[in-house]
Each structure stands twice: as C-alpha cells, then as structure tokens.
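Next come the chains, spelled out residue by residue.
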Amino acid sequence: MHTTNYYNILIEVADDCPVKVAEAPPIKGNRKSVANLQFEMVQKHPYQFTSDDVLFDIFAQRQDLSESEREEARKKFFSKGQPCFRASPLPKRYGWGVHSDAKGKIALLAVESGEYQKLVDDKNTQHTKAMRSKRA
C-alpha cells in the first residue's frame, strides 16, 4: 500500500505561490473543486484527519461511493501512488502551509500567520516545499 502521509513536517508554500496572504479557494460554477473540498475538510477539522483520509474522502465524494464501497475502493486507490499535499493547490496557489503532527494528522496554516512562521523557524520540525507551479 502506498501512502501520502507525512509525520512531524511542514509543507511550506511553494516558492512561486502568487499570494502573500492565504485565501480560500474560490468556488467556480456549481461544483466544488478539489481545492475547495480539501480546504473545507481540513480547515473545519484541524489535526483530525491524515492526508490519506482527506485525499481518499474527496475521491470517494467525487465518485459518489457508498459507505459499503469505500473499504475496497480505498485499497484500490492506495494500491498505486497518489499525489501528496505537496501537489495540492492549497500550498501551491492559495498560501496555505500544511502541517502534519506526530500522528500524521494535518492542519492548514496561513502563510502570514505567526503559527506558520514559528514552524518555519522550528529546527525540530522537518520542512519541505510545495511543488512549484511553473518550471524554473
């Protein structure tokens, strides 16, 4: 089984993130984007879900899977590698750092917040950057 979970790490916003102040992804049309769904789930429930939980739940919602279908679908979903939160629009485009605690549970931190800066400066926290949107 593959996983997208990280532990004790901060995914910092991408170097080419266009915003200096974090913003909620705008809703376009009548269907929420993956970014909208990720934002709502993690923002409303900080440190309650792992990255795997969030990514699979959104996949299941978009596929309209029933509860009885989810267990087998989750095994199939993670039987191959999936993009992690480093590839999410939240740290790439919208200015949200993604912090994973010791249990792998995630929370969003606004790039301009003191909490984000504290983790950036913390030598005991691992760091990685979100993927760039454009090639250098």
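Refer to the structure above for everything that follows.
Residues numbered from 1 in each chain as written. Predicted model: local features only at pLDDT ≥ 70, side-chain atom pairs only at ≥ 80, totals over all residues. Heavy atoms only, no water.

K.L.:
How do you make sense of the overall build of the protein chain when you look at a structure like this?
P.N.:
Counting secondary structure elements, the protein chain contains five helices and four strands. From first element to last, N terminus to C terminus, the protein chain shows the α and β order β-α-α-α-α-β-β-α-β. Taken over C-alpha atoms, the radius of gyration comes to 15 Å for the protein chain, in line with the 14 Å a tight globule of 136 residues would show. For the protein chain, the spread of C-alpha atoms along the three principal axes comes to 45 × 35 × 30 Å. (Helix = DSSP H or I, 4+ residues; strand = E, 2+ residues; numbered from the N terminus. Rg over C-alpha atoms; globule rule 2.2 N^0.38 Å.)

K.L.:
Looking at this model, I keep getting lost on the environment of Ser133. Mind explaining?
P.N.:
When you line up the elements, Ser133 lands in the segment after β4 (126-129). The spatial distance from the C-alpha of Ser133 to the C-alpha of Glu72 is 33 Å, given a sequence separation of 61 residues. Filtering out sequence-adjacent residues up to four positions away, Ser133 remains in contact with Asp16 and Lys92. (Contact = heavy atoms within 4.5 Å.)

K.L.:
So what exactly am I meant to see when it comes to the pattern of salt bridges here?
P.N.:
Where side chains of opposite charge bring their charged atoms close, a pairing between them can arise. With the rule as written, the count across this model stands at eight salt bridges. Between Glu23 and Arg93 there is a salt bridge; the shortest N-O distance is 3.3 Å. Of this pair, Glu23 sits in the loop between β1 (9-12) and α1 (34-44) while Arg93 is found in the loop between α4 (89-92) and β2 (96-100), placing the two residues 70 residues apart along the sequence. Among the salt bridges present, the one from Lys75 reaches Glu71, with a minimum N-O distance of 3.9 Å. Here Lys75 and its partner Glu71 are both found in helix α3 (residues 67-77), four residues apart, which amounts to about one turn of the helix. (Salt bridge = Lys/Arg side-chain N within 4 Å of Asp/Glu carboxyl O.)

K.L.:
How should I be thinking about the packing of aromatic side chains in this particular structure?
P.N.:
Centre distance and the angle of the planes are the two values used to describe a pair of aromatic rings. Tallying each qualifying case throughout the model produces five aromatic pairs. Consider the rings of Phe56 and Phe59, whose centres lie 6.0 Å apart with planes at 40°: the pair is tilted. Within this pair, Phe56 and its partner Phe59 are both found in helix α2 (residues 51-63), separated by three residues, close to a single helical turn. Between Phe56 and Phe77, the aromatic rings sit 5.6 Å apart at their centres with planes inclined by 65°, giving edge-to-face as the arrangement. With a gap of 21 residues between them, Phe56 in helix α2 and Phe77 in helix α3 connect regions that are remote in the sequence. (Phe/Tyr/Trp six-rings, centres within 6.5 Å; stacked < 30°, edge-to-face > 60°.)

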